[in-house]
Amino acid sequence: MSAPETRTAAELADALASGDLTSVALTQAHLDRIADVDGAVHAFLQVDAEGALRDAAAADERRGSGQPASALDGVPIAVKDVLATRGLPTTCGSRILEGWVPPYDATVVARLRAAGLPILGKTNMDEFAMGSSTEHSAYGPTHNPWDLTRIPGGSGGGSAAAVAAYEAPLAIGTDTGGSIRQPGAVTGTVGVKPTYGGVSRYGLIALANSLDQAGPVTRTVLDAAMLHEVIGGHDPLDSTSIDAPLPGLVDAARRGADGDLTGVRIGVVTELGGEGYQAGVLARFRESVELMTRAGAEVVEVSCPHFVHALATYYLILPAEASSNLARFDAMRYGLRVTPDGSPSAEDVMRVTREAGFGDEVKRRIILGTYALSSGYYDAYYGQAQKVRTLIARDFDAAFERADVLVSPTAPTTAFKLGEKVDDPLAMYLNDLATIPANLSGVPGISVPSGLADEDGLPAGVQILAPATADDRVYRVGAALESLLAQQWGGRLLDQAPALEGAR
Amino acid sequence: MSDALMPYDDVVARFDPALGLEVHVELNTATKMFCGCPTEFGAEPNTQTCPTCLGLPGSMPALNARGVESAIRIGLALNCEIAEWCRFARKNYFYPDMPKNFQTSQYDEPIAFEGYMDVDVEGETYRVEIERAHMEEDTGKSLHVGGSTGRIHGADYSLVDYNRAGIPLIEIVTKPVLGTGAKAPEVARAYVGQLRELLLGLGVSDVRMEQGSLRCDVNLSLAPTGSGTLGTRTETKNVNSLRSVERAARFEMQRHAAILAGGGSILQETRHWHEDTGVTTSGREKSDAEDYRYFPEPDLVPIAPSREWVAELRATLPEPPHERRARLQAEWGFSDLDMRDTVGAGALGLVEETIAAGATPQSARKWWLGELARRANESETDLASLGVSPADVARVQALVDEGKLNDKLARQVLDGVLAGDGGPDDVVAARGLGIVSDDGALTEAVDRAIADNPDVADKIRDGKVAAAGALIGAVMKDMRGQADAGRVRELILERLA
């Protein structure tokens, strides 16, 4: 494939650097691709052709004068609609924010702009990032580019689908319980959840503050590392952000690409890979472990006994924090306002607006969270969940004594059919089984495509977790696994995706 | 409004009052608690805001370290323990002027707790125990337009000003104050007054009650005398002057007593204070405790002030007002009454500085509480912002002591200083206000007076020395009060001998 949009971000950066390609041409190629296929995929809620081309022209000018702003200057990107973008509508996939144009940029967005990445637009997501399928978007679902009748994962299905469908070489997602990694797994893309506090949350419209983390969605591990270095690092506007330099992530990804894992201890988590996991997903996972073993890794079984409570813990903490975060959407200052007839009170306006502006899943979680925090129940629910959270963190500590990284399938199944689980919240929640513990403990994780499941020919992913702040480890091992798998397949997994209708 | 009242003497004969005071203090930090917006009072609405203090989606708080420092200093000055580790919490409730619909506050982990302040009332000392002093952010301000009351009911629309949203507040909560008996209203007033003075001394707040930078809620309950129990309390919100604190407490005591004596029971509620009529009216019923669904604020890391820092702050605390007053009173030899008047006039520091600049305690006090207090009153300002410095006052007094000014001239000199004409010496020079004791000029004036009043001169020549007063008056008038009266008298007697 030679069309510019099929190349990796690293390759595109090289082409821009050598003058083989201009950012304007590259950006236009992606805008054309979006025009061709997004009607079928619906990865974008908002495309900003004008802004992207303007930024691309500025990037070309910088290149021309020999002063690129970063290694990725001029490489376009898509941003999940949960991040505030100055001058560009930001809706969080919700009616209640329809048409809201933030007067400020999220720190991640500001860093993308400073590094010269033209922003193509805002990608679709489950409303307020609540969901695992992007079917809870108020603006309609995103379709998986591998099979348009299937879900692209969630909540960041838009970002993953945009990268998988070659609509954008790079995207930003956010991961509260797996919303970067799980969509990565089911669309054959690479998704990284950095260490909590490693990437600023300022301007990320909070779902659950203690769990949320923005991160890269890309087609290769190296691309993710390059993007991570652009968006990561300390931000004084986010007091939970880590005040220390990032480890060398691009270096780690380059080192890993030789596929040598000699001396690396890989821990297979017993609790993440048994019942409830699809056979084809498990088969690809075992192959990956086998490849890593042959590449010199030492494989150990580790048990994390409290992981079985992770899902329950998560579904107490998340709604509690979310119920408080969503209180600000009250029709007073921005977004939707529905005014009932007569002379309504402020409470009436709030009630009617929220009834119309929030979807079912959001309402469900607000009610759950309000209950979990209410007096008399706090200790039994929220307080207890925080204790279990501590136990899960201790499981990680113990596991990382024995292993440098932990591995598991990223998601228990491949992409399911649109509509299949949308009315069954519990079944939907189970999709994040393997990814949630990392959010509860703040450790970094990556999902690397592990191949296609035998029974349905759809992508599966392997998750690699490392201790907090050791993000370089997930890149090194992730790049190694990626390279070992590429040797096996004779190319990238995404090249096996069916051509999309309308694609050139 | 038709609440019956019991005569105050009867109230205190039959009931024991319990006070509880909650004081909100706006800190005078340059920027807000969680963002970099300025905190100046009186700016155009909504000009001092940003995504964070507007609570825009995605915005996050970042803690103002200076606010924490002020909180610790207040805690230390109130003899509190300072938490080794504490957090902010979210207090969730809905109100249109609250940007996030939760207030970032402290709940079960206040930064300061378990303190006290000794309060003086007419020579007696009452120990008010402090339960906690915690940090929080202020809300915005609503303006209800249309309707007659200025309240939300009946208004056509409401406007919200978020300039105040996010300004750091310290809430200081007392434990129930018992055993004050008939003095409860005075103790309440004295507590708030002394607290104001303490905060002023710390330099952490403007403590302007009329501008809302210090706001007081007065909790009050009555129990039958000697029963040792606590009655049902009411909370009178936002009482905005020291005098009103006392009046509101007294009013609530009389109102509660009338209801209890009539066999009724007190409704636990918030009440509004009406300055003009001197009564409280029912606000919001608070019979079931509100569920604020507190939980630790996940966007802010915990605060763990190091013990070294706390010790450093403790070492730099100013002398407590109580001790300072006792020390100064002894040093100056003031009576209790003089001292109380001086403190009450807000002149303690000014008098102290005037003495430091060389004046005697009595003369410093005389100027500040007499002439200058009168002028401050006339121009509706306070002594400190009158435009006369303690050094000016000390200099005027020195000129009087040196015989270069008399009282009348000294007042004219102060006029000049107040008018911005410079220091006392500048004014004396510019307006020619010094006393004339030059014999040449005085002799001329004396001769003119003798010539103009031959009858009086004759009387003096006849030995009626007492008549000299009339001639002295004439000379003084001639010389616009600037003559040295003693020398004039000598000259007259010399000329008429």
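Residues numbered from 1 in each chain as written. Chains lettered and ligands numbered in written order. Predicted model: local features only at pLDDT ≥ 70, side-chain atom pairs only at ≥ 80, totals over all residues. Heavy atoms only, no water.

**Details of the overall build of chain A**
Put simply, the rule is: Put simply, DSSP H or I for four residues or longer makes a helix, DSSP E for two residues or longer makes a strand, and each gets a number counted from the N terminus. Each radius of gyration reported is based on C-alpha atoms, and the globular scaling rule is 2.2 Å times the count of residues to the power 0.38. Per-residue accessibility, obtained with a 1.4 Å probe over protein chains only, is compared with the maximum for each type, and a residue is labelled buried under 20%, exposed over 50%, and partly exposed between these values. In this analysis, two residues are considered to be in contact whenever any of their non-hydrogen atoms come within 4.5 Å of each other. Note on areas: Shrake-Rupley with a 1.4 Å probe; residue coverage comes only from the protein chains shown. His is not counted, nor are the chain ends, whereas Lys and Arg count as positive and Asp and Glu as negative. Lys charges are placed at NZ, Arg charges at CZ, Asp charges at CG and Glu charges at CD.
Across its full length, chain A holds 16 helices and 11 strands. The C-alpha atoms of chain A give 21 Å as radius of gyration, which agrees with the globular expectation for 504 residues (23 Å, within 12%). In chain A, which comprises 504 residues, the proportion classed as buried is 62%. A separation threshold of at least 6 residues defines the contact pool for chain A, and within that pool the share at least 24 residues apart is 77%. Split by element, the accessible area of chain A, about 16,600 Å² in all, is 52% carbon and sulfur. Distance from the positive charge centre (40 side chains) to the negative charge centre (62 side chains) of chain A: 3 Å.

**Focus on the overall build of chain B**
Each helix and strand in chain B was counted, giving 17 helices and 14 strands. Whereas a compact globule of 497 residues would reach a radius of gyration of roughly 23 Å, chain B reaches 30 Å, over 25% beyond that. With the C-alpha coordinates aligned to their principal axes, the bounding extent of chain B is approximately 95 × 55 × 55 Å. Out of the 497 residues in chain B, the part that is buried amounts to 49%. Within chain B, residue pairs in contact and separated by at least 24 positions form 67% of the contacts whose partners lie at least 6 positions apart.

**Comments concerning the nonpolar core**
For the record, the criterion: Among the buried residues, those of types Ala, Val, Leu, Ile, Met, Phe, Trp, Tyr and Cys that are joined through side-chain atoms within 4.5 Å form a nonpolar core.
Grouped together as the largest cluster of nonpolar side chains are 132 residues, with contacts concentrated most on Leu112, Phe128 and Tyr475 of chain A. Ignoring any residue separated from it by four or fewer positions in sequence, one finds Leu112 of chain A in contact with Ile77, Val79, Leu117, Ile172, Leu227, Val230 and Ile231 of chain A. The next biggest cluster of nonpolar side chains, apart from the first, holds 67 residues, and it includes Met117, Val187, Tyr191 and Ala249 of chain B.

**A word on the sheet that holds strand S4 (residues 102–105) of chain B**
Operational definition: The rule for pairing is simple: two strands pair if DSSP sees at least two bridges between them. To get an axis, a line is fitted to the C-alpha atoms, and for a helix only the part in contact is used. The angle between two axes follows their N-to-C directions and goes from 0 to 180 degrees.
As summarised here, the arrangement of the 3 strands in space is S4-S3-S14 (chain B), forming an open sheet in which the pairing is antiparallel. Of all the strands in the sheet, the pair left with one neighbour each is S4 and strand S14 (295–296) of chain B. Where helix H10 (residues 310–325) of chain A meets the sheet, it contacts strand S3 (89–92), S4 and S14 of chain B, and its direction lies at approximately 60° from that of S3 of chain B.

**Topic: the sheet that holds strand S5 (residues 190–193) of chain A**
Residue and element names in this part refer to chain A. Strand order in the open sheet formed by 11 strands is S1-S3-S2-S4-S6-S5-S10-S11-S9-S7-S8, and the pairing between neighbours is mixed. A strand with exactly one partner marks an edge of an open sheet, and here the two such strands are strand S1 (44–47) and strand S8 (298–302). Taken over all neighbouring pairs, the strand axes of this sheet differ in orientation by 30° on average, direction set aside. Sheet analysis places strand S10 (residues 445–452) next to strand S11 (residues 459–465), joined by 7 bridges and oriented antiparallel. Looking across to S11, one finds that Val448 is bridged to Val462.

**Some words on the confidence of the model for chain B**
Rule in force here: pLDDT runs from 0 to 100 and stands for how confident the predictor is about each residue.
Of all residues in chain B, 98% have pLDDT values of 70 or greater, and the mean over the chain is 91. Two numbers describe this predicted complex: its pTM, 0.87, and its ipTM, 0.95.

**Remarks on the pairing of strand S10 (residues 214–224) of chain B**
Residues and elements named next belong to chain B. Most of S10 sits out of view: 10 of its 11 residues are buried. Pairing geometry for strand S1 (residues 15–26) and S10, over 11 bridges, is antiparallel. The partner of His24 across the bridge, within S10, is Arg215. The sheet contact formed by S10 and strand S11 (residues 234–239) spans 4 bridges and is antiparallel. Note that in S11 the partner of Leu220 across the bridge is Thr234.

**Re the pattern of salt bridges**
Residues and elements named next belong to chain B. Which entries qualify depends on this criterion: For salt bridges, the criterion is a side-chain nitrogen of Lys or Arg within 4 Å of an Asp or Glu carboxyl oxygen.
Inspection of the entire model under this criterion finds 58 salt bridges over all chains. Among the ionic pairs, Glu137 bridges to Lys100, the shortest N-O distance being 2.7 Å. With Glu137 in strand S6 (residues 124–137) and Lys100 in the loop between S3 and S4, this residue pair connects regions lying 37 residues apart in the sequence. By relative accessible area, which is 10% here, Lys100 ends up buried. Here the salt bridges share partners, and the residues they tie into one network are Glu319, Arg324, Arg327, Glu331 and Glu352.

**What about helix H16 (residues 471–489) of chain A?**
Stated formally: Multiplying 1.5 Å by the helix residue count minus one yields the expected span of that helix.
Here H16 of chain A spans 27 Å end to end across 19 residues, near enough to the 27 Å set by a 1.5 Å rise per residue. Buried residues of H16 of chain A: Asp471, Val474, Tyr475, Val477, Gly478, Ala479, Ala480, Leu481, Ser483, Leu484 and Leu485 of chain A, and no others.

**Regarding the pairing of S11 of chain A**
Residue and element names in this part refer to chain A. Burial of S11 is extensive: 7 of the 7 residues sit out of reach of the surface. The two faces of S11 match: Pro459, Gly461, Gln463 and Leu465 on one face and Ala460, Val462 and Ile464 on the other face are all buried. With 4 bridges connecting them, strand S9 (residues 405–409) and S11 associate as antiparallel partners. Note that in S11 the partner of Val407 across the bridge is Ile464. Counting the residues in the hairpin turn of S10 and S11 gives 6 residues, including Gly457, whose phi is positive at 65°.

**Regarding the interface of chain B and chain A**
Quick note on the threshold: As used here, buried area is the combined drop in accessible area, with a 1.4 Å probe, of two parts when they are placed together. Polar contacts, as used here, are pairs of N or O atoms within 3.5 Å; protein pairs need one atom able to donate a hydrogen and one able to accept it. Residues neighboring in sequence count only if both atoms are side-chain atoms.
Each partner contributes residues to the interface: chain B has 30 residues there, and chain A has 37 residues. Counting each side, the surface lost to burial between chain B and chain A is near 2,600 Å², with a carbon and sulfur contribution of 58%. Counting across the interface, chain B meets chain A through 1 salt bridge. A salt bridge links Arg201 of chain A to Asp299 of chain B; the nearest nitrogen and oxygen atoms lie 2.8 Å apart. Put simply, chain B and chain A have 17 residue pairs in polar contact (both at pLDDT 80 or more) between them. Sorting the residues of the side of chain B that touches chain A by element identifies S3 and S14 of chain B as the ones contributing at least two each.

**Considerations on the packing of aromatic side chains**
Filter applied, for reference: Working definition: a ring pair exists when centres of Phe, Tyr or Trp rings (six-membered ring for Trp) sit within 6.5 Å. Plane angles under 30 degrees give stacked, over 60 give edge-to-face, the rest tilted. Sitting over a ring, as applied to charges here, requires NZ of Lys or CZ of Arg to be within 6 Å of the ring centre and within 35 degrees of the ring normal.
The final tally for this structure, using the stated rule, is 19 aromatic pairs over all chains. Over the ring of Phe416 of chain A we find Lys421 of chain A; its NZ or CZ atom is 4.4 Å from the centre of that ring. A cation over an aromatic ring shows up here: Lys91 of chain B above the ring of Tyr292 of chain B, its NZ or CZ 4.5 Å from the ring centre.

**Remarks on unusual backbone geometry**
All names here are of chain A. Residues Gly154 and Ser155 are joined by a peptide bond in cis, for which omega reads 0°. Unusually for a residue other than glycine, His42 sits at a positive phi of about 55°. Tracing the backbone shows His42 in the loop between helix H2 (23–41) and S1. Phi at Tyr166 takes a positive value of approximately 60°, unusual for a residue other than glycine. Position of Tyr166 relative to the elements: it lies in the loop between helix H5 (157–164) and strand S4 (171–174). On the basis of relative accessibility, which here comes to 7%, the residue Tyr166 falls in the buried class.

**Re the environment of Met479 of chain B**
All names here are of chain B. Along the polypeptide, Met479 turns up in the loop between helix H16 (468–478) and helix H17 (485–495). Distance in space between the C-alpha atoms of Met479 and Pro57 is 76 Å, their sequence separation being 422 residues. Once you skip the residues sitting within four places of it in the chain, Met479 turns out to touch Val436, Leu442 and Ala445.

**Concerning the environment of Tyr104 of chain A**
Along the chain, Tyr104 of chain A turns up in the loop between strand S2 (77–80) and helix H4 (107–114). Separated by 262 residues in sequence, Tyr104 of chain A and Ile366 of chain A have C-alpha atoms that sit 27 Å apart. Excluding residues that lie within four positions of it along the chain, Tyr104 of chain A makes contacts with Ala84, Thr85, Arg86, Tyr202 and Gly203 of chain A together with Pro51, Leu56, Pro57, Gly58 and Ser59 of chain B. At 2.6 Å, the side chain of Tyr104 of chain A and the backbone oxygen of Pro57 of chain B are in polar contact. Within the structure, Tyr104 of chain A has its side chain in polar contact with the backbone nitrogen of Ser59 of chain B (distance 3.1 Å).

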